[in-house]
Structures are given as structure tokens and as C-alpha cells.
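# Per-entry structural report
These are the residues of each chain, in order.
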Amino acid sequence: MLLELFPYLSALLIEEVERGPDQVVLRTRVQAPGAVCRCGQSSVRVHGRYIRRLRDVAVGGLGVVIEICIRRFRCENSACTAVTFAEQIAGLTTPHSRYTPLLHGLLTQLGLALAGRAGARLAAAIGLCVGRDTLLRLVRALPEPEIGEVEVLGVDDFAFRRGRHYGTILIDMATHRPLHLYDGREGVDLAAWLQGHPEVKVICRDRSSGYGEGARIGAPQAEQVADRYHLWANLGQAVEKTVNAHRSRLPEAPEEPANTPDEPQVVQPPRELKIVTRLREQHAVAHELWEQGMSKAVIGRKLGLHQATVRKLVGARSADDVVAKSLQRAHIVDPYVGYLHRRWNEGVRNAAQLYREIQELGYPGGELAVQRHLRRYRTGRGHTPVAGPKPPSVREVTSWIMTHPEHLRDEDADRLHRLRERDPELDRLTLHVRRFAAMMTGRHGDRLEDWIADAEQDSLAPLASFARNLRRDFDAVRNGLSLPHSSGAVEGNINRLKMLKRQMFGRAGLDLLRKRVLLAG
């Protein structure tokens, strides 16, 4: 049974088995009368002996140590440079190794899967005592796989440190296997790699100009395909900017409440928020200074505002566009405003009682937030208007526009329909997005030129800017909307790479990350 588990033991004679608290020691010697030198000459002349200890895989939670009495022989070949040599057991020993091949392979796989600390902890749990540095050293010693022939290549970047330090990964799109990993994302490095692989026919990439130029120089014979995911994401950014510019138009007109003789009118409307008043004043002053010919930098220094804030104020057509975000800011009490209004008008004015009531409805906040909300009602004659529907956020409207009509909930589809009826520009924006979606899902890249022309002629500035940028990479975008190739496998490998990178806490170098990305299954 022991020989079936450990076939290499057939070459050994087990003289003693000693079991300790945490390991089993097998004391053995080689049965063969002689050994073969590296020059090929066999010898039976024993020069000396020494004890060699090899660690093997654990059995039953106990470590296994094989002690072998190794003989050193004299080489009888006078032309051999080695005067003496130590015998080696096939399948068990290699020069200078302290692990059996089976344990060496197991520890290597632990290092690939879990890296240093985590791999060492798991090894200890299964009866193997090994250090984290040993695991990393085994991983670094592995040879890199051969690349072979690549016809469809995927290219994308990843961040070592977002905004500062980036790298590039190359993927074989046929097998979804990583091929190469290098520091930087310059087109020159990509071109150098492609020049050594003239068999590449298709290159799937994002819309980075550096990768586009590198692909053109290194593989002029290859078709470049812009990734549809990035195209859709860029379109979504343009849609969000457009909706944000129309933020003040998102709320629906409030319904006129029915006048009842026994319900007194509100004497004083709620006071405007301080931040809203401040934004209105800043918008008026910024536009006045801008019309006087001052630059945005000068206006920022004069008003004590950041240049980004000045650009937002000057670019807004009216103060409502600036304050809309503050007015629509989500608050933890918002889902329970209708209930609070109804109970207040019924005569319940105690904030603590109302807080306990909405707590039973699932309110997760504190009582202070409820008190602050009710404070605005105490300046009138005790009543407040019925709360109108909360306007949708920019993200919600963007999601409605970017979602297929058949996948929208009925409630969201109705709200989008009413919004399109109120705002003709958002109606045109929705039509542009749905035309692009039909072109992308139906692989109608031949319609791209017409779509770009229509978007450029429209008054929607963010969408027109997106359309103009498509012209800079027109061929790759058209291929992305026509060919079946996609960068989905690249994005999957990027996610896996991020997991491996974070697993090492940023302390390991590129060489170790490269080995794990290329070799880990």
C-alpha cells in the first residue's frame, strides 16, 4: 500500500519508521549496488556516505521526512571532470533539493494561488511547515509559458496606483489566456511586441490613442477593433452630462391641492436652504464679472472659489441649473416625508412620537433628522402642503435612457415618457441613444457615419463631443460595431489581475505579479 502511494520508495529500503508529534521520519537507503555519473559512466566504488533529508507531502496531517543514506561514488572515467559524485534516485531527488518533486509542485501551486503569507498559513494547516519567502521564491523560479501563434489579441491597461502608475496586459482572445504583462502603457512598447508576432490579424483594444498608434506601427496588417463596452460607457458619460445640464427640468409640476374651507393656508413658505441662497448669489456675481471680460482664474481669485466651481457657475445657463443638485440631494428622511406630512396635518406635532412611528415603518436614521425636517413646518399656522413626488436623480434618468425599453419597469418607463414629453432635448437624446444601441447590438457599423452626423448637428453639446471623438478612431469604432470580436475576456482578466494584485497588498514587484498572472489557473 505504501509503495502504491509513494512509487519512488521502490528504489529504497526502509530500515526504520519513527513517528513524532508532528511528523513521520522514514530512514532508508538505496537498494541499487551502484550509480551512474553525469558523464554516463556507472560505478560501484563507494567513496563515502552522508545522510540526506527530504521533506515530502503530509499524510494524515503529519509531515513526512525521508532520511536517505546517500553514497558518494568514485567516477572510473578518467576523462570526467567529476572525481566523485553522489547517487540520485529517479523521481525523488534532484541536486541540492530539500523537497521531493511532489512536495515541490504542491508548494509551487500554493504560492501561485495564495502568494506568501496566505500560502504559508494554508500549508501549516495541512501539516507543511514552509516560509512565505520560500513560496515566493518557488513562484519566481517558474519558467514563463510559451506564447505560440496569436491571431486575435486583446490589449488593455491596469493601474498599479490609479492616476499615477499603469501597466499593460495582452490576452490571447482565442484561449482567453494572458500572454504578456509589462510596465507602462506606451504605444512604443506594444509596437515592439507586435513586431515579433506578425501573425496577429485582429487587435481588440479600448479607445486609447497610444494603443491605437502602437497597433498601427507594430501590426499594420491587423484590424483594430474598439471595445463595445468602452463605447457604451463613454456614451453613458455623455448622457449623464447632458441630463445633468437639464437637472432643473427633472421635477414634475406639482399638482394644485384641493382647497378645503376647514384647512388653513400656510402663512409662511419654508425658508430657502443657505447653500441654495449662496449658490444663487455666486452665480449672479460670477456672470456679472464674466460679462465684464474677466477670466475664470481672475473670477476665482476675486470670489475665493476654485476654478472648477467658477467653470460650473459660468457654464450654467441659469441659477436653477446650479442649485438643482442641492435641492434634489437625497436625505435619509425622504422615503417617509409623505407619512410625516399626513400625520402633521392630522394634528400630531410631537417629533419623538413621529420618529417612533416611522421607525416601525423601517426608518434607519435618528430622531434629530426628523426634528430638523419638522422644524420647517412650525413657522406657519400648523399645516403644510401635501408633499409632491420627489424628482428623479441624474443617475436614475441616465439609467432609464441607457436601458432597453423592454427591460424598464412600468413605473420607470412612465416617468421617462412624461419627462420626454416635458423636455424635447431629452427626448432627442433618448432617440440618439436607442439608435446607437440598435446599431451596436445589431452589428450595423455601416450606419455609424449617419449617426455621428446627426449627433454633431444636434444642440446637445456632450453628445456632439462624443460623436466628434468617434471620428478620431473611426475605423476601429466601425469594426467594433460590425465584427463579432469583443474585449470581454480582457476585462475578465483585468478583474482577476486586480484580485491578485490586492492579495499581495502592493508589496511585491512586477516580476511576481507577472508570474502569478501568466501561470495561475
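We now turn to the structure provided with this report. (Residues numbered from 1 in each chain as written. Predicted model: local features only at pLDDT ≥ 70, side-chain atom pairs only at ≥ 80, totals over all residues. Heavy atoms only, no water.)

Among the residues of helix α4 (residues 132-140), those classed as buried are Thr-134, Leu-135, Leu-136, Leu-138 and Val-139. Looking at the buried side of α4, the elements it contacts are α2 (101-114), α3 (117-125) and α22 (510-519). (Buried < 20%, exposed > 50% of the residue type's maximum accessible area, 1.4 Å probe, protein only. Helix = DSSP H or I, 4+ residues; strand = E, 2+ residues; numbered from the N terminus. Contact = heavy atoms within 4.5 Å.)

With 34 residues, the main nonpolar core has Leu-235, Val-243, Leu-429, Phe-436, Trp-451 and Leu-470 as its most contacted residues. The set of elements that each furnish at least two residues to this core consists of α7 (228-245), α15 (394-402), α16 (410-422), α17 (424-441), α18 (448-457), α19 (461-472) and α20 (474-480). Tallying contributions element by element places α17 first for this core, with six residues. Contact partners of Val-243, with chain neighbours within four places excluded, come to Leu-250, Val-394, Val-397, Thr-398, Ile-401, Leu-426 and Leu-429. Formed by 23 residues, the second largest nonpolar core is a distinct cluster that contains Phe-158, Ile-169, Met-173 and Ala-489. (Core = buried A, V, L, I, M, F, W, Y, C linked by side-chain atoms within 4.5 Å.)

With that settled, consider α3. Three or more residues of α3 are buried, namely Gly-119, Ala-120 and Ala-123. Projected onto a plane normal to the axis of α3, the buried residues spread over an arc of 100° and lie on a single side. Pointing more than 90 degrees away from the buried face of α3 are the exposed residues Arg-121, Ala-124 and Ala-125. Where α3 is buried, its residues meet α2 and α4. The positive-phi residue at the C-terminal boundary of α3 is Gly-127, with phi of around 90°. (Arc of directions from axis to C-beta.)

The strand order across the open sheet built from five strands is β10-β9-β8-β11-β12, with neighbouring strands paired in mixed fashion. Each having just a single partner strand, β10 (177-183) and β12 (223-226) make up the two edges of the open sheet. Taking the axes of each pair of neighbouring strands and ignoring which way they run, one obtains an average angle of 25° across the sheet. Packed onto the sheet, helix α5 (residues 187-195) meets β8 (152-161), β9 (165-172), β10 and β11 (202-205) and runs at close to 135° relative to β10. Packing against the sheet, α22 makes contact with β8, β9 and β10, and its axis sits at approximately 170° to β10. (Pairing = 2+ DSSP bridges. Axes fitted to C-alpha atoms, helices over the stretch in contact; angles between N-to-C directions.)

If you check the backbone angles, His-96 has positive phi at about 70° while not being a glycine. Relative to the helices and strands, His-96 is located in the loop between β7 (84-86) and α2. The residue His-176 is not glycine, and still its phi comes out positive at about 60°. Relative to the assigned elements, His-176 resides in the loop between β9 and β10.

Applying the stated criterion across every chain yields a total of 20 salt bridges. For Asp-412, the salt bridge identified is with Arg-409, shortest N-O distance 3.1 Å. Here Asp-412 falls in the buried class, since its relative accessible area comes to 11%. Taking the relative accessible area as the measure of exposure, Arg-409 reaches 54% and is therefore exposed. The salt bridge involving Asp-475 is made with Arg-478; its shortest N-O contact spans 3.1 Å. Of this pair, Asp-475 and Arg-478 both sit in helix α20, three residues apart, which is roughly one turn of that helix. (Salt bridge = Lys/Arg side-chain N within 4 Å of Asp/Glu carboxyl O.)

Purely spatial values, then, with no claim about function.
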